[in-house]
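# Inside the fold
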Amino acid sequence: MHGGVARADLGHEDLAALGRGMPNLARHVENMGKFGLPVVVALNRFTSDTEAEFAAVQAAMATQGVEAVVCDHWAQGAAGAEDLARAVLRRLGEARFSPLYPDGLGLADKLRRVAREIYRADDIVLSPALARRLAGFEEAGFGHLPVCIAKTQYSFSADPALLGAPVGHILPVREVRLSAGAGFVVAVCGDIMTMPGLPRRPAAEAISLDADGRVAGLF
């Protein structure tokens, strides 16, 4: 999809589109590195995936020093993820975690730091009313909390149509919320709902028992 292929056509091999979309995955890998964490890419096998596609992703990740492991746990259970587990174990000793920002940084600046470092935005848009609300959180003793940004999952920006690895965009903050019990401040950005989502037709509708009492419809 990040290479320009429509959702309905994702089941067909398109190595050129896969290559065009690879900067999106590369950006995720780079972002994890900013936290001092080594990365292993897990490639969940779908029935329409091809060996050429797997090889293309693995080759691209190898240029970043990252191993990409094909996983079959959806069909084989734990046995299908053994190679992934081994790859993770090989990298664990390299972890040197550090947060993206210190606790003492102001809440607005924490949002700005995430927008610039992770999303590659130029800046955030924060109305005076929202800035005052964040200041109120700080005055109430919650300024040390980390921030959680709720936005579209389809893009590094707040625009679901802006695919790939965009830079130079602006992150619009629509609302800020204090989740004191959970221990973070939420910034709602762009047109996004924060309630749990389901597809138009949940998978549960296709799951049943056959005449012999065996589960059908899982795959």
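So, here is what we can say about the structure in this document. (Residues numbered from 1 in each chain as written. Predicted model: local features only at pLDDT ≥ 70, side-chain atom pairs only at ≥ 80, totals over all residues. Heavy atoms only, no water.)

With that out of the way, let us pick up helix α4 (residues 82-91). Here α4 has its buried residues at L84, A87 and R91. Buried residues of α4 fall within an arc of 60 degrees about the axis and therefore sit on the same side. When the buried face of α4 is taken as reference, the exposed residues oriented beyond 90 degrees from it are L89 and R90. (Buried < 20%, exposed > 50% of the residue type's maximum accessible area, 1.4 Å probe, protein only. Helix = DSSP H or I, 4+ residues; strand = E, 2+ residues; numbered from the N terminus. Arc of directions from axis to C-beta.)

Further remarks concern the packing of helix α5 (residues 107-117) against helix α6 (residues 128-142). The geometry of α5 relative to α6 is characterised by a closest axis approach of 8 Å and an angle of 115 degrees between their N-to-C directions. Across from L107, A108 and L111 in α5, the residues of α6 making contact are L134, F137, E138 and F142. Classifying every residue of the contact of α5 with α6 by side-chain character gives six nonpolar, no polar and one charged. (Axes fitted to C-alpha atoms, helices over the stretch in contact; angles between N-to-C directions. Contact = heavy atoms within 4.5 Å. Nonpolar A, V, L, I, M, F, W, Y, C, P; charged D, E, K, R; others polar.)

With that out of the way, let us pick up a nonpolar patch on the surface. Together, M1, L10, Y154 and L163 line one region of the surface with nonpolar side chains, adding up to about 320 Å² of accessible area. Within the secondary structure, Y154 sits in the loop between β4 (147-150) and β5 (170-179). (Patch = residues over 30% accessible without salt bridge, like charges linked within 9 Å, V, L, I, M, F, W, Y side chains within 5 Å. Areas by Shrake-Rupley, 256 points an atom, 1.4 Å probe, with all protein chains shown as cover. Salt bridge = Lys/Arg side-chain N within 4 Å of Asp/Glu carboxyl O.)

Once that is clear, we can look at the packing of aromatic side chains. Think of a pair of aromatic rings as described by two things: how far the centres are apart, and how the planes are tilted against each other in angle. This structure, assessed with the given rule, holds one aromatic pair. A centroid spacing of 6.4 Å and a plane angle of 5 degrees characterise the contact between F35 and F97, whose relative ring orientation is stacked. With a gap of 62 residues between them, F35 in the loop between α1 (15-33) and β1 (40-44) and F97 in the loop between α4 and α5 connect regions that are remote in the sequence. Among the residues examined, F35 registers a relative accessible area of 21% and is labelled partly exposed. The class of F97 is exposed, set by a relative accessible area of 56%. The ring of F156 carries R27 above its face, with NZ or CZ at 5.0 Å from the centroid. Here the basic side chain of K151 rests over the ring of Y119, its NZ or CZ set 4.7 Å away from the ring centre. (Phe/Tyr/Trp six-rings, centres within 6.5 Å; stacked < 30°, edge-to-face > 60°. Lys NZ or Arg CZ within 6 Å of the ring centre and 35° of its normal.)

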